[in-house]
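Topology and contacts: notes
Now for the letters of each chain:
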There are 2 protein chains.
Amino acid sequence: MLHGLMMQMPLAISSLIRHADRHHGDAEIVSRRVEGDIHRYNYRDLHRRARQMANALKGLDVKLSDRIATLAWNGYRHMELYFAVSGSGAVLHTINPRLHAEQIAWIANHAEDSYLFFDLTFLPIIEAIAGHCRTIKGYVAMVDRAKMPAQSKVPNLICYEDLIDSHSDRYDWPEFDENLASSMCYTSGTTGSPKGVLYSHRSTILHTYAAALPDALNLSARDVILPVVPMFHVNAWGLPYVAPMVGAKIVMPGPNLDGKSLYELFEAEKVTCSAGVPTVWQGLLAHVEANNLRFSTMKRTVIGGSACPPAMLRTFEEKYGVQVLHAWGMTEMSPLGTACTLKEKHMHMSPEQRYPTQYKQGRVIYGVDMRIVGDDGGDLPWDGKAFGDLLVRGPWVLRQYYKGEGGDPLVKDAEGRTWFPTGDVSTIDPDGYMQITDRSKDVIKSGGEWISSIDIENIAMSHPAVAMAACIAAKHPKWDERPLLVVVRKPNAELTREQLLAHFEGKVAKWQIPDDVAFVESIPLGATGKMLKAKLREQFKDYKLPTA
Amino acid sequence: MLHGLMMQMPLAISSLIRHADRHHGDAEIVSRRVEGDIHRYNYRDLHRRARQMANALKGLDVKLSDRIATLAWNGYRHMELYFAVSGSGAVLHTINPRLHAEQIAWIANHAEDSYLFFDLTFLPIIEAIAGHCRTIKGYVAMVDRAKMPAQSKVPNLICYEDLIDSHSDRYDWPEFDENLASSMCYTSGTTGSPKGVLYSHRSTILHTYAAALPDALNLSARDVILPVVPMFHVNAWGLPYVAPMVGAKIVMPGPNLDGKSLYELFEAEKVTCSAGVPTVWQGLLAHVEANNLRFSTMKRTVIGGSACPPAMLRTFEEKYGVQVLHAWGMTEMSPLGTACTLKEKHMHMSPEQRYPTQYKQGRVIYGVDMRIVGDDGGDLPWDGKAFGDLLVRGPWVLRQYYKGEGGDPLVKDAEGRTWFPTGDVSTIDPDGYMQITDRSKDVIKSGGEWISSIDIENIAMSHPAVAMAACIAAKHPKWDERPLLVVVRKPNAELTREQLLAHFEGKVAKWQIPDDVAFVESIPLGATGKMLKAKLREQFKDYKLPTA
C-alpha cells in the first residue's frame, strides 16, 4: 500500500485562531458585554489573550482532556475560552444556563468538570450549585477585578481578568492526535437524563469547512457575522470557528436579544448575516415593523432550531430584501446537517415557484449523508411524499454518547454502514431537499402506514373553536395504532366530536382522519412550551377507541 | 486522553461521486469529445459508469496502489477514471501530453504505471512510447468500438467502451486508510528529472473543501463550471472534485481551447465560471472583441499558472462584467495556495483603489500557511515591499517526492515546524496578500539586499527599442552579485548601454539599476516560451562587470 506524500498535519482548533491572527489580524470582534458597554478588539488581540488564558489554565493545573465548563453569553471572553481550552488540549464544556440549577449541577458532576467559567448574570446559579458540584475546583467570574462581587458564598471564586493579567502570552499551541476531544455539549433530552456529546478537533475542523461553504452558511472575509444562537447551544452552530477560518468580523450580542438591541447592533456594526431560532426573528421583525425601519447591510439570516414560518420567510425576503436560509441539525451533528440553499434549476424560477423548496429544511452539506426508512429499516422513495425515520451519518455525527450512556445509538444498513437515527421523521424530494414532518416517537403507525401527528394537529388548530390540539397514537386491535385527537376548546366555544372530524374531510386521506376526539381542560406543557406528548400517551394508554 | 465520540469515517474520493449521485443525480456533465460532438449525461450516469470501470480495473487485475496513467483531455471518460481509479484504491497518474515522448516514457517507467488510458489524439505518442514502457500491460483507447484504430502497432490495445460494457455496475466502493495514495502528477521541473507528487485521499478531500470556499473558488450547486485548465495539469486545479462535492454542472471543453470554441460552449451551456491560464483568456477575449460579443451568464474566471496582466483583469471586469479571480499554487500544493478574494474593507473602495490588491496572487486559504524569509531563514516583514523566499505548509502540501527523489525538500523554522520552499520570491502585504516578484534562483543578491530580476526586465521591456530582456546575476567581488541586463534590440532599433541605463532612473532605487548591459542576437527560450535563465547564467558566468 502506497501512502500519499503530503504533510502530516493533524487538524487542530488552535490553527483557526493562529490563521485569523496571521492573515486577518485586524478583523474585529465586537461584543456587547454583560456590563452593558460595547467592547471591541481584533483577532490579534483575541489570539494574544487566548494564549495568556492557556498559560493560566496550565497554572490552574488543568491537564489534557480535563473538562472546563462555561455558563456564558456570546462574548469575546467566551470566544477566548473556545480557543484557550480546546487549543491547549482540554475539553470546553458549554452548559445551557436556561436549565434548572439542579440539572446544571447534575451535568457538571456527570462531565466531572474541573473549573467553571461564568458571566456575572449567572452568579445566582453558581451560588445555588456550588455546594453540589463535586469535581469543580474553582469558579471563574468573567469580569474585571473592579466588577467582582464584593462578597459571595461561592468557594474559590477567581477573577477572569486577574488570570489573564498574571500570565504571559508566550505559548506554543501543542500538537496532538486530531481525534482528541475538543468540546462537549449535553442534549436537553425530552426523556431521560441529558447525555453528553463529545466533539473532536477533527470533527470540528471538518464541520467548520463544511459550514462555510457557499451551499451552507456561505461565509467569507467580506461578512460581518452576528450569531444570535448562543455559544452554549452546540457551539453557536459553529460560527465561533467559521469566523476565524474565513477572517470575518464577528459581533457578539451578549445577553440582550430583544428586537431593539439586535437591530441597533446590526446597523451600528454593518452586520451582513446572522443566525438564530424563529422566536428571535419574530422579536426583531416586530421592532422593525413597528418603527418602520430598514436593514442597511443585512443580506441573509440562517434560521434553525425549528421550522421558519413561511410568512416570516416571505416578509424577510419581499419586504426587507433579507434572504432566509433554512438550516437543520442537532447537538449530535455538531450541529449542521442540511441547509436550504437553491440549485441552478431554481435560479430561473419565480419566487412563488421556489418558495415551497425554501420552506424545507434543505439538502445535505457534503460530508453528511441521509436516508429515510420505514418500519422494516428499508429505504423509502425520495418523492417528497413518503415519510420515514431520518437517519444520518458523517464525520461530525455522533457515534456514541459520553461514557457510553444509552448504549449503542447507531443502526446498520444492508451494506454494513452505520447510521445515527435522528428521532425525526421526514420526507426527501427528488432534488434531495428534506422536510421534517414529525418526531419519530409521535408519528402514528396505522397498519404499516404512517400518519404525521403534526399534520393532524395543524388541521385541528385551523378550526376556530380549537385552542390547543395534540394527536397521539391509541391502541387498535386491527391497525396496531390509530390517531386520537386530544383537544382543548377555546373559552366559551362550542364544538362537538363530529363537527371537528368533519373539518378534516378533504384535507387529508380518509384513513388519516382521527378515530376519536377527547376534549380536555388542558394539555401538559414542558418548560419550553412544547406539548408533553409522552405524558398524554401515558394518560390515554387505556383509552378505548369507538372503532376498536 | 479523551477521544471525541464522532463517527470514524476516513475521507475518501469515492464519497464525492456517491454524494453527487445521491443528492445531485440529475446535474449534468457536458463534454465536447475528441470525436467533435457534444456528449451529455449526469452524475448518476457518471457514478454508474465509474462503478463499471472499477469492476473492469479489477478484471484487469489492477491492485491496491497500482498506478494507472492517463493521457487525456478534459472529458467525461477522464472524469470517470478520476473516480474509478482512485475510488477503487489505485493511483490515478495524469501525464501531460505536451511533454516530449521520451519524457512521457521516462515518467511512465519511473511511476511504474500498469495501464495507460488515452484519447485518440495521442495515438502517435502511444505508438512512439509503447516499445519503451517497461511496466505497462495494456493501452486503453478512450473511444467507442467503432472508432478504434483499424490497425495499430500498439501492443494490447483495449477499447474503453468494451471495458465498460462488459462489466456490471454493482460495486461497493472499498473503505481504506485516508492516507492511501489517490493520484499523482509529475512536476515539469525546469532543472533535473521530473519528480512525482503523490496526493492522498485525505489531502484531496481537504483541498476540495478549501477550494470550494467563498474565499477561494466560491462554487455551489448554482454554478456551471468550465475548467479550461487541463485535467492532466494538477487535477485541473481540483475542479473535477469540487464539482461533485457541490453538485455543480460541469462542462468539459475537450481538445478545442480556441476562443471561438470556448465562447460557444460558454453561451450554449450557460457557464457561470471558468478557470485557466492567461493565454487562454487572451484567445477568448480576442474572439469576443473581434466579434463584438457579450457573456450572458459568465460571472467570474479564475486565472492562475502565471500572473494575469492588469489590462486583462480590467477588461474582463469593466467591459464584460466578469470578475477575475487571481489564484496561485503549484503541483506540490494540490495545487491551491492563495486566491485573491477581497476583504470587507475593500467593499467600500473604488475599483481604482482595489485593483492593486487584485493584481496580487492573493491570500492563503485556511489550511495553508505561508512565510517569506531572507537569506538567514528569518521572517521578513509583511509590508508589501520586503521580498524573500516564499515557504508554505499545510495538509495538502508535499512533504516528499515519490521514491524520495531529490532528498528532503523541507526546511524547519525556529519552533520546529516544517515548511516547503516554493522556489518563488514574493512580498506579503499587511492584509496578507502575497505577490510573486521572482523565482528564487533568478533573484539577484547584492550585498545582502535582493533585486527582483522581473522588475528590472519589465522596466527594460518598457523601452521602445527593446525586443527582449533578461536580468541575471553577475559575480561581483564586493557585492557578491550585481544585476547584468541581457538585451535583444528590436530590428533596426538603435540603443546604447547608457541610453538604456538612463531609462531606469527614477523607476527603481539607484542601487537596483543594472551594472551593465550585454546586447545579444537572441535569448534562449524553453519549450513553453519561457526564457532559459540558467543557460544565460552559464553563458555569462565569466562576465566581468565594469564595476568589478
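Our structure is the block above this text.
Everything in this summary refers to the structure shown in the same document. (Residues numbered from 1 in each chain as written. Chains lettered and ligands numbered in written order. Predicted model: local features only at pLDDT ≥ 70, side-chain atom pairs only at ≥ 80, totals over all residues. Heavy atoms only, no water.)

**A word on the relation of the copies chain A and chain B**
What counts, and what does not: Alignment of the copies relies on least squares applied to C-alpha atoms, considering only residues that score at least 70 for pLDDT in both.
Between the two copies, chain A and chain B, the superposition gives an RMSD of 0.2 Å; the rotation angle is 180° and the shift along the axis is 0.1 Å. Taken together, these values place the two copies in the relation of a two-fold axis. Identified as the residue of chain A closest to the rotation axis by C-alpha distance is A:Leu213, at 2.5 Å.

**As for the sheet that holds strand β6 (residues 138-141) of chain B**
All names here are of chain B. Which entries qualify depends on this criterion: By definition, two strands form a pair when at least two bridges between them are found by DSSP. Under the DSSP-based scheme used, a helix requires at least four consecutive residues in state H or I and a strand at least two consecutive residues in state E, with every element numbered from the N terminus. Inter-axis angles, ranging from 0 to 180 degrees, are taken between N-to-C directions of lines fitted to C-alpha atoms, where helices are fitted over the stretch in contact.
Pairing within the open sheet is mixed, and its seven strands lie in the order β7-β6-β5-β3-β4-β8-β9. With one partner strand each, in any of the chains shown, β7 (157-159) and β9 (196-200) form the two edges of the open sheet. Averaged over all adjacent pairs, the angle separating strand axes in this sheet is 25°, with direction ignored. Note that strand β5 (residues 113-118) and β6 share four bridges and pair parallel. Directly across from Leu 116, in β6, lies its bridge partner Tyr 139.

**Some words on the interface of chain A and chain B**
Applicable threshold: The contact definition used throughout considers only heavy atoms, calling two residues in contact when any of these lie within 4.5 Å. Here the buried area means the combined drop in accessible surface, using a 1.4 Å probe, for two parts upon being joined, counting both sides. Only one rule defines a salt bridge in this text: a Lys or Arg side-chain nitrogen within 4 Å of an Asp or Glu carboxyl oxygen. Contacts described as polar in this section are N or O atom pairs within 3.5 Å, which, within protein, must combine one atom able to donate a hydrogen with one able to accept it, while residues neighboring in sequence count only if both atoms come from side chains. The nonpolar class holds Ala, Val, Leu, Ile, Met, Phe, Trp, Tyr, Cys and Pro. Asp, Glu, Lys and Arg form the charged class, and all remaining residues, Gly among them, are polar.
Facing the 86 residues of chain A at the interface are 87 residues of chain B. Of the roughly 7,400 Å² buried between chain A and chain B, counting both surfaces, carbon and sulfur atoms make up 57%. Among the residues chain A hides against chain B, the three largest losses belong to A:Met6, A:Met7 and A:Tyr366. Together they make up 13% of the total. For the interface between chain A and chain B, the tally reads ten salt bridges. One salt bridge connects B:Arg202 with A:Glu178, and the closest N-O pair in it is separated by 2.8 Å. Linking chain A with chain B are 46 residue pairs in polar contact (both at pLDDT 80 or more), by the criterion used here. For the side of chain A that touches chain B, the secondary structure elements donating two or more residues are α1 (14-24), β9 (196-200), α7 (201-212), α8 (239-246), β16 (363-364), β17 (369-373), β18 (388-393) and β20 (418-428) of chain A. Considered class by class, the residues forming the side of chain A that touches chain B number 46 nonpolar, 19 polar and 21 charged.

**A look at the packing of aromatic side chains**
Residues and elements named next belong to chain A. Put simply, the test is: Here a Phe, Tyr or Trp ring, Trp counted by its six-membered ring, pairs with any other such ring whose centre lies within 6.5 Å, and the pair is stacked when the planes are under 30 degrees apart, edge-to-face when over 60, and tilted otherwise. Working definition: with a 1.4 Å probe on protein chains only, accessible area under 20% of the residue-type maximum means buried, over 50% means exposed, and in between means partly exposed.
Considering all chains together, one arrives at 33 aromatic pairs over all chains under this definition. Here Tyr 82 and Tyr 241 contribute two aromatic rings whose centre-to-centre distance is 5.5 Å and whose plane-to-plane angle is 45°, an arrangement assigned as tilted. Placement of Tyr 82 in helix α3 (residues 76-87) and of Tyr 241 in helix α8 is noted, with a sequence separation of 159 residues between them. Overall, the relative accessible area of 0% leaves Tyr 82 in the buried class. On the basis of relative accessibility, which here comes to 2%, the residue Tyr 241 falls in the buried class. Relative to Trp 281, the ring of Phe 266 has its centre 6.4 Å away and its plane inclined at 55°; by these criteria the two rings are tilted. Of this pair, Phe 266 sits in helix α9 (residues 259-268) while Trp 281 sits in helix α10 (residues 278-290), and the two are 15 residues apart along the sequence. In this structure Phe 266 comes out as buried when scored by relative accessible area, which is 0%. Assessed through its relative accessible area of 0%, Trp 281 is described here as buried.

**Examining the pattern of salt bridges**
Residue and element names in this part refer to chain A. For the structure shown, the criterion picks out 88 salt bridges over all chains. Among the salt bridges present, the one from Glu 352 reaches Arg 314, with a minimum N-O distance of 2.6 Å. With Glu 352 in helix α12 (residues 351-358) and Arg 314 in helix α11 (residues 310-320), this residue pair connects regions lying 38 residues apart in the sequence. Ionic contacts of the salt-bridge type, sharing partners, join the residues Arg 33, Glu 35, Asp 37, Arg 49, Arg 77, Glu 80, Asp 144 and Glu 161 into one network.

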